[in-house]
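Coordinate analysis (summary)
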Amino acid sequence: MAVHITYNSGVYEIKGLLSSENSIYLENHLNSLLSTSNGIVVSFEKVEAMDAYTTRNILAIYDKAQKDDKSFFIIGRKNKCISACFDALGSTDVLL
């Protein structure tokens, strides 16, 4: 399944399977959004699977946003797959 990004009421919703093969698309899209705004909210609630490579990329974007003094909120604590990925890297504190 391809990655789908939709915008709904101020939240970018990500749906699909996130892997090293397709995460560059997501990474480029999120970086582009952050470069033209003061911050974004991204929901991973509908993501079916995510690998460690993608999780690290999302955390790198989060860190860059923090350094650039921009808001980057990640919704995904209720998704067990997502919370497990962030927990494996010791970063569940970034999830809402």
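Quick summary incoming for the structure in this document. (Residues numbered from 1 in each chain as written. Predicted model: local features only at pLDDT ≥ 70, side-chain atom pairs only at ≥ 80, totals over all residues. Heavy atoms only, no water.)

Looking at the nonpolar core
This is how it is decided: Residue types Ala, Val, Leu, Ile, Met, Phe, Trp, Tyr and Cys, when buried and joined through side-chain atoms within 4.5 Å, form a set referred to as a nonpolar core. For every residue, the accessible area obtained with a 1.4 Å probe (protein chains only) is divided by the maximum for its type, and the residue is called buried under 20%, exposed over 50%, and partly exposed between those limits. In this description a helix means any DSSP run of H or I spanning at least four residues, a strand means any run of E spanning at least two, and both kinds are numbered starting from the N terminus. When checking whether two residues touch, look at their non-hydrogen atoms; a contact exists if any pair is within 4.5 Å.
By size, the foremost hydrophobic cluster in this structure holds 25 residues, and its most contacted members are Leu30, Phe44, Phe72, Ile74 and Phe86. Mapped onto this core, the elements with two or more residues apiece are β2 (11-18), α1 (23-35), β3 (39-50), α2 (52-67), β4 (71-75) and α3 (80-88). Setting aside chain neighbours within four positions, we find Leu30 in contact with Ile40, Val42, Ile58, Ile61 and Phe72.

A look at the pattern of salt bridges
Any two side chains of opposite charge can pair, on the condition that their charged atoms come close. Which entries qualify depends on this criterion: Salt bridge, as applied in this entry: a Lys or Arg side-chain nitrogen positioned within 4 Å of an Asp or Glu carboxyl oxygen.
In this structure the tally under the stated criterion is two salt bridges. With a closest N to O distance of 4.0 Å, Lys46 and Glu13 form a salt bridge. Within this pair, whereas Lys46 is found in strand β3, its partner Glu13 is found in strand β2, the two being separated by 33 residues in sequence. Asp68 serves as the salt-bridge partner of Lys64, at 2.8 Å between the closest nitrogen and oxygen.

Notes on the sheet that holds β4
Going by this rule: Two strands make a pair as long as DSSP finds a minimum of two bridges between them. Orientation is described by lines fitted to C-alpha atoms, with helices fitted over the stretch in contact, and by angles between N-to-C directions that extend from 0 to 180 degrees.
Taken in spatial order, the four strands line up as β1-β2-β3-β4 in an open sheet, and their pairing is mixed. Edge strands, defined here as strands with exactly one partner in the open sheet, are β1 (4-8) and β4. Between one strand axis and the next, the sheet turns by 25 degrees as a mean value, whatever way the strands run. With five bridges connecting them, β3 and β4 associate as parallel partners. Among the inter-strand pairings, Ser43 is bridged to a residue of β4, identified as Ile75. The sheet contacts of α1 involve β1, β2, β3 and β4, and relative to β3 the element is tilted by about 165 degrees. Packed on one face of the sheet, α2 meets β2, β3 and β4 and runs near 150 degrees to β4.

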